[in-house]
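Residue-level listing of the chains:
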Amino acid sequence: MDRRLTTGLAALLALLPLACSAPPSGDGGEFRDQLIFSAPADATTLDPHNTTDTESDQVTMMVFETLIGFDDQMQIVPRLAEQWSVAEDGVTWTFRLRRGITFHDGAPFDAEAVRANFARVLDPVARHKRLPLFSMIDRVDVVDAHTVKIVTRFPFGAFEPTMAHVSAAIVSPTVAARAGMDFGKTAEATSGTGPYRVVSWKKDQEIVLERFDGYWGEKGRTRRIIYRPIPEAAARVLALEAGDVDVISRIPSNDITRLETLPSIRVSKTPSVGAQQFRFNLTKKPFTDRRVRQAISYAINRRAIVDNLVGAFARPATGALTSIMRGYANLGEIPYDPERARRLLAEAGYPNGFKTRIATTPRYPMGVELAEAVAADLRNVGIDAAIDVYDWGTMVGFWQGLPPEKNPQEIFIMGAGASTADADWGLRPIFQTAPTNENNYGYYSNAEFDRVIEAAMRETDADRRQALYRRAQEIVYLEDPGAIWLYENLYIVASRAAVSGLRASPLGVVTFQRAVVSR
Amino acid sequence: MRLVARGLARLVPVLAAISVIVFLIVHAIPGDPAVIAAGLEASPDTVARIRQELGLDRPLHVQFVSFVTRAVQGDLGVSIRTGVPVAREIAERLPHTAALAFGGVLLAVVLGLSAGTWAAVTRRRWVDRAVMAVTLVAVSTPSYWLALMLMLVFSLHLALLPSIGVGTPAHYVLPVTALGLQSAGLIARMTRASLLDTLDQEYVRAARARGASRARLIARHALRNALLPVTSLVGLRIGGLLAGTVLVESVFAIPGVGRMMVDAVIARDFPMVQGGVLVVATLYVVVNALTDVASALADPRVRA
């Protein structure tokens, strides 16, 4: 076993310099012609304009492409557009498209396809789930066959990261027109320009992707990528160890530490856009008083929580955004200071604390344990917090579709993760005063924050934008806390040692284009 | 024949009752399917649109009537989560669940009967004791834990069988074992007890006195009568086995109806939950009708 592994590794190492420049070499020879990836759930749909879950994004990322995209460091890079620029007015964006690209079904990619796609995602009747992300687009004009102009309603500072979001992907207009609302529901009704095309989709069993030989860019190195959902975490880990799958994600924290010690397994940890926090329901007393929220913030021993509960996949928060996000400002860890917490509580008129409830869900890793840790820290400063555990469906029901006065939750767990990796989407929908905001489940409202965030959204100058977001984070992180900021997540992927060339993205998806599995 | 008809006639009121209960339960549990389907980053507009599209904004009784009228025509609606017709989603998955459940029953019956008979008729006490001990362990082992242990031993350490997925018969060995072993234990214990009882009966002693061979005695005289309570137990266990597929399908990543229903409940995918329960309930009633027929064939008293 060991010798086989070493030989395999040696062969792999010897090949690496070659492999970097060599054409696709995933068939036969040193490498297997397929790679199996397992996550907890099947994709819900392969229509990038109509998904909000990571599992679907994971697959659509390989099948579809955007005009501009993110590289590994979350920098904006050209994709289907080879060049782009914004006019003096700050609202007119011109994209020059790459020529000679075809969709998997053979339809040509051109300016008309781009126009049709934004018309599709913005269609007020179809109302695709990703419509809100693009609501700042006023119109899309075809200039010539390979140039489009996108005009926004106002100068939008986060335009580029929004265009790099997977839901700005260009789907085949031919297949989309034919399939209508059924686009993305079967392999046949799915077609993009990406390095892999969907050849079959057996629900809950597997999605088979095959290298698209007509791909314009660097072709996939492994012929087939198979996406095989395994709902049970323990089984997913076992299947990896048994070699029945090559790569897995969403690993229980105690297994992460164990897998790291195995020579046959590699564990990668990538800083991500995901963060864990508890929010306050600001329509409820005493959370209306910012001193109470500050007190709670100082009462929490984040270091202990990270060290004892989630160290395998997290590090303490240092701001209201995660450190790899555009617009992040490093405001430092919030110190653990129960004395100060008690003082603040006394100032706010609660020298003996008060009673409250913490709502949580096991859907988040360690969700229940986190609530218990927070409750223990709060008890230490006199706040008596009872814990309510809900399943995901019930939890979401409290947040959406209920008017503020009807939401019974007082402190509730919440995962954050702006899928554009940008401060705008990471702060504006969540903390801007209702009704302009739509996901402000804690009913946070701070006039200065609103002003700053609005100005930042319209600011296209990078430095001024950064300064505005810094100010916004000082408010919501420290001065008038909008949440109990806990930690930022690392995106954990485990693979067999035979696998190389994987790229894990901070968005919580894996890129397989360069991945190979040695025999 | 009349028996089959009677069994099937029972299907109608049972399904009617089940559809009412399931409909009420899914609508009573907290959580809004439109909200979950829309996702956390969606706007209230999107949620409202989805709710309207799904008809969730209509009064409950209107929703129920429309559900029933469509269901009797074989239309189970469209999945909220995936937008695919429920009937198609179920049809795609039912063969996997059926194969798993059939395998589980087969394993339970064959293993249970042989072990139980062996324990009852052996003249070596230690065989009896050993069989009873093993079946006790089988009965008290939760299938979830057993499933993971089987994977650990046979896939990871011995590398004999695939750990997850479907495709070849080998893929079914571990799931079927995890599913059927508990029932096998129960059936074995029931068979042994019942057979020991029967072997004590006058007519068996009489047959022995007439000089019937031991094998013939057990096979023709004792076992046939001893099997009556076992048959009803098997009928009952099928319900348990169908429920067990939920866990086993999740652990072994088998794309079956049970796992589909778990996902559906989490997502409050009402049409999918209702459709799934209706189909599984139908299966259960049909299979039970069949076991009734089987016991009738074995016992003239039930036939009357």
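Residues numbered from 1 in each chain as written. Chains lettered and ligands numbered in written order. Predicted model: local features only at pLDDT ≥ 70, side-chain atom pairs only at ≥ 80, totals over all residues.

(A) Expanded view of the overall build of chain B. A tally of regular secondary structure across chain B gives 13 helices and 0 strands. Counting every position in chain B, which comprises 304 residues, the buried fraction comes to 42%. Considering only contacts in chain B between residues 6 or more positions apart, those separated by 24 or more positions represent 74%. (Helix = DSSP H or I, 4+ residues; strand = E, 2+ residues; numbered from the N terminus. Buried ≥ 20, exposed ≤ 12 C-beta atoms within 10 Å, placed from the backbone. Contact = placed C-beta atoms within 7 Å.)

(B) Molecular detail of the overall build of chain A. Each helix and strand counted, chain A has 15 helices and 21 strands in total. Taking 2.2 N^0.38 as the reference for a compact globule, 519 residues should give roughly 24 Å; the C-alpha atoms of chain A span a radius of gyration of 24 Å, in line with that estimate. For chain A, the spread of C-alpha atoms along the principal axes amounts to about 70 × 60 × 40 Å. (Rg over C-alpha atoms; globule rule 2.2 N^0.38 Å.)

(C) Inspection of the nonpolar core at higher detail. Val 374 and Ala 472 of chain A together with Ile 187 of chain B are the most contacted members of the largest nonpolar core, which has 223 residues in total. Counting residues per element, this core draws most heavily on helix α10 (residues 214-251) of chain B, which supplies 14 residues. For Val 374 of chain A, the residues in contact, after removing those within four places along its chain, are Phe 278, Ile 300, Ile 358 and Ile 484 of chain A. (Core = buried A, V, L, I, M, F, W, Y, C linked by C-beta atoms within 7 Å.)

(D) Fine view of the interface of chain B and chain A. Contact residues are listed per partner, giving 43 residues for chain B and 37 residues for chain A. At 5 residues, helix α7 (residues 143-157) of chain B tops the list of elements feeding residues into the side of chain B that touches chain A. When grouped by side-chain class, the residues that make up the side of chain B that touches chain A number 24 nonpolar, 10 polar and 9 charged. (Nonpolar A, V, L, I, M, F, W, Y, C, P; charged D, E, K, R; others polar.)

(E) Local environment of the packing of helix α6 (residues 125-140) of chain B against helix α8 (residues 170-199) of chain B. Residue and element names in this part refer to chain B. Running from N to C, α6 and α8 cross one another at 140°; their axes reach a closest spacing of 7 Å. The angle between α6 and α8 places the two elements in the oblique class. Crossing of α6 against α8: the hand is left-handed. Contact with α6, carried on its side by Val 131, Thr 135, Ala 138 and Val 139, involves Leu 181, Gln 182, Ala 184, Gly 185, Leu 186, Ala 188 and Arg 189 of α8 and no other residues of that element. Looking at side-chain class alone, the contact of α6 with α8 contains 7 nonpolar, 3 polar and 1 charged residues. (Axes fitted to C-alpha atoms, helices over the stretch in contact; angles between N-to-C directions. Parallel < 35°, antiparallel > 145°, perpendicular 65-115°, else oblique. Left-handed = near helix turned anticlockwise from the far one by under 90°.)

(F) Spatial organisation of the pairing of strand β7 (residues 147-152) of chain A. Residues and elements named next belong to chain A. Going residue by residue along β7, you find Val 148, Ile 150 and Thr 152 tucked away on one face and Thr 147, Lys 149 and Val 151 left uncovered on the opposite face. Bridge analysis of strand β5 (residues 92-97) against β7 gives 5 bridges, and the strand direction is antiparallel. What sits directly across from Trp 93, in β7, is Ile 150. Alignment of strand β6 (residues 137-144) against β7, held across 6 bridges, turns out to be antiparallel. Bridge pairing links Val 140 to Ile 150 in β7. Linking β6 back to β7 in an antiparallel pair, the connection comprises 2 residues. (Pairing = 2+ DSSP bridges.)

(G) Fine view of the packing of α7 of chain B against α10 of chain B. Residue and element names in this part refer to chain B. Relative orientation of the contacting elements α7 and α10 amounts to 30°, with a least axis distance of 9 Å. With respect to their mutual orientation, α7 and α10 come out roughly parallel. Taken as a pair, α7 and α10 cross one another with a handedness that is right-handed. Only Gly 244, Leu 247, Val 248 and Val 251 of α10 make contact with α7, whose side of the interface consists of Ser 143, Tyr 144, Ala 147 and Leu 148. Of the residues contributing to the contact of α7 with α10, the split by class is 6 nonpolar, 2 polar and no charged.

(H) Looking closely at helix α12 (residues 392-399) of chain A. Those residues of α12 of chain A that sit buried are Gly 393, Met 395, Val 396, Gly 397 and Phe 398 of chain A. Those residues of α12 of chain A that are buried are in contact with α2 (33-38) and α11 (257-266) of chain B.

(I) Region of the structure containing helix α10 (residues 338-347) of chain A. Residue and element names in this part refer to chain A. Looking only at α10, the buried set comprises Ala 341, Leu 344 and Leu 345. Taken end-on, α10 shows its buried residues confined to a sector of 100°, consistent with a single buried face. Along its buried surface, α10 packs onto α8 (290-299). Looking at the residues trailing α10, positive phi occurs at Gly 349, about 95°. (Arc of directions from axis to C-beta.)

(J) Inspection of the environment of Leu 107 of chain B at higher detail. Residues and elements named next belong to chain B. Examined against the element boundaries, Leu 107 turns out to sit in helix α5 (residues 86-121). Between the C-alpha atom of Leu 107 and that of Glu 53, which follows or precedes it by 54 residues, the distance is 46 Å. Not counting residues within four places of it along the chain, the set of residues in contact with Leu 107 comprises Val 176, Thr 177, Gly 180 and Ala 184.

(K) Representation of the pairing of strand β15 (residues 384-389) of chain A. All names here are of chain A. Two strands pair when backbone bridges link them, and strand β14 (residues 355-360) and β15 are joined in this way by 6 bridges, in the parallel orientation. The residue of β15 that forms the bridge with Lys 355 is Asp 384. In the classification by handedness, the crossover that spans β14, the intervening helix α11 (residues 367-380) and the parallel β15 is right-handed. (Right-handed = clockwise from strand over helix to strand, strands pointing away.)

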